Amino acid sequence: MSTPERLIESTRELLWERGYVGTSPKAILERSGAGQGSMYHHFKGKPDLALAAIRRTAEELQAAAEAVLGAPGTPYERIEGYLRREREVLRGCPVGRLTMDPEIVASEELRAPVDETLDWLRERLAGIVEEGKEQGQFAPALDGEEIAATIVATVQGGYVLARASGSPAAFDTGVRGLLALLRPTV
């Protein structure tokens, strides 16, 4: 792996573990095994490197979600696949956790890939809900955008509850409850 790649990957891990403030240039260099000054040779500084790391994390999250949401199956099965896909629940969402970081929220540039990813996910889910309504699988009264927001909120809230309790059970309970509400009656 090249030095810039090691720096990006190390920054991604540290942002997930410690947040932006807790991710110091020294910690990045130690984790990556890169030499002193490497970060500034390849990136303008910590914000530039963090942006590259956040973008990479956002791209990977979108790809993982799309792999399930774009898979064959009914709209319900695809949403169920997304909700039940394997996650590191106790670590939280690598993108969602960034929304709790005041430095990232305060920076329009650093926040943009986070916001774009969550917008993409809500839009993708809303489209699947609308598809399910057209097929008669979901009740006609359901609003695709509202259900999509509920799905994202269940996942993100499930991470918080699981981390607070130290157990993925709370996440799993939220997923089961939402799926029970969405389950087709036909």
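Relevant structure appears above.
Peer 1: Quick question: what am I supposed to make of the nonpolar core here?
Peer 2: Ranked by internal contacts, the top residues of the largest apolar core, which has 50 residues, are I79, Y82, L83, L125, I151 and L182. Among the elements of the structure, α1 (3-18), α2 (25-32), α4 (46-69), α5 (75-84), α7 (108-134), α8 (144-165) and α9 (169-182) are those that each provide at least two residues to this core. For L125, the residues in contact, after removing those within four places along its chain, are L69, I79, Y82, A148, I151 and V152.

Peer 1: Honestly, the layout of surface pockets in this entry has me stumped. Any pointers?
Peer 2: The probe, sized like a water molecule, is rolled over the atoms to show the empty space still left. Empty space within the largest pocket amounts to approximately 310 Å³. Elements represented by at least two residues in the lining of the largest pocket include exactly α1 and α4. A per-class count over the lining of the largest pocket returns 5 nonpolar, 2 polar and 8 charged. In this model, the second largest pocket occupies a volume close to 220 Å³. Contributing to the lining of the second largest pocket are 16 residues, with C93, G96, R97, L98 and M100 lying nearest its centre.

Peer 1: Explanation requested: α8 in the structure shown.
Peer 2: Every α-helical turn comprises 3.6 residues, leaving residues that sit three or four positions apart pointing alike. If you check α8, its first and last C-alpha atoms are 31 Å apart, about what 22 residues at 1.5 Å a residue would give, namely 32 Å. Every buried residue belonging to α8 is among G144, I147, A148, I151, V152, T154, V155, G158, Y159 and A162, and all of these are buried. Buried residues of α8 fall within an arc of 145 degrees about the axis and therefore sit on the same side. Away from the buried face of α8 by more than 90 degrees, exposed residues E145, E146, L161 and A164 are located. In the core, the buried residues of α8 are packed alongside α5, α7 and α9. Two or three places before E145, at the opening of α8, D143 has a side-chain oxygen 3.0 Å from that residue's backbone nitrogen. G166 sits one or two residues past α8 and shows a positive phi near 75 degrees.

Peer 1: Looking at this model, I keep getting lost on a negative patch on the surface. Mind explaining?
Peer 2: On the surface, E123, D143, E145 and E146 cluster together into a negatively charged patch. Here E123 is to be found in helix α7. With relative accessibility at 60%, the residue E123 sits in the exposed group.

Parameters and conventions
- Residues numbered from 1 in each chain as written.
- Predicted model: local features only at pLDDT ≥ 70, side-chain atom pairs only at ≥ 80, totals over all residues.
- Heavy atoms only, no water.
- Core = buried A, V, L, I, M, F, W, Y, C linked by side-chain atoms within 4.5 Å.
- Buried < 20%, exposed > 50% of the residue type's maximum accessible area, 1.4 Å probe, protein only.
- Helix = DSSP H or I, 4+ residues; strand = E, 2+ residues; numbered from the N terminus.
- Contact = heavy atoms within 4.5 Å.
- 1 Å grid on protein atoms, 1.4 Å probe; cavity = no way out; pocket = protein on both sides within 12 Å on 5 of 7 lines; lining within 4 Å.
- Points joined across faces, edges and corners; volume = space filled by probe spheres on them.
- Nonpolar A, V, L, I, M, F, W, Y, C, P; charged D, E, K, R; others polar.
- Expected span 1.5 Å × (residues − 1).
- Arc of directions from axis to C-beta.
- Polar contact = N/O pair within 3.5 Å; in protein donor to acceptor, adjacent residues only side chain to side chain.
- Patch = residues over 30% accessible without salt bridge, like charges linked within 9 Å, V, L, I, M, F, W, Y side chains within 5 Å.
- Areas by Shrake-Rupley, 256 points an atom, 1.4 Å probe, with all protein chains shown as cover.
- Salt bridge = Lys/Arg side-chain N within 4 Å of Asp/Glu carboxyl O.
- Lys, Arg positive; Asp, Glu negative; His and termini not counted.
- Charge placed at Lys NZ, Arg CZ, Asp CG, Glu CD.

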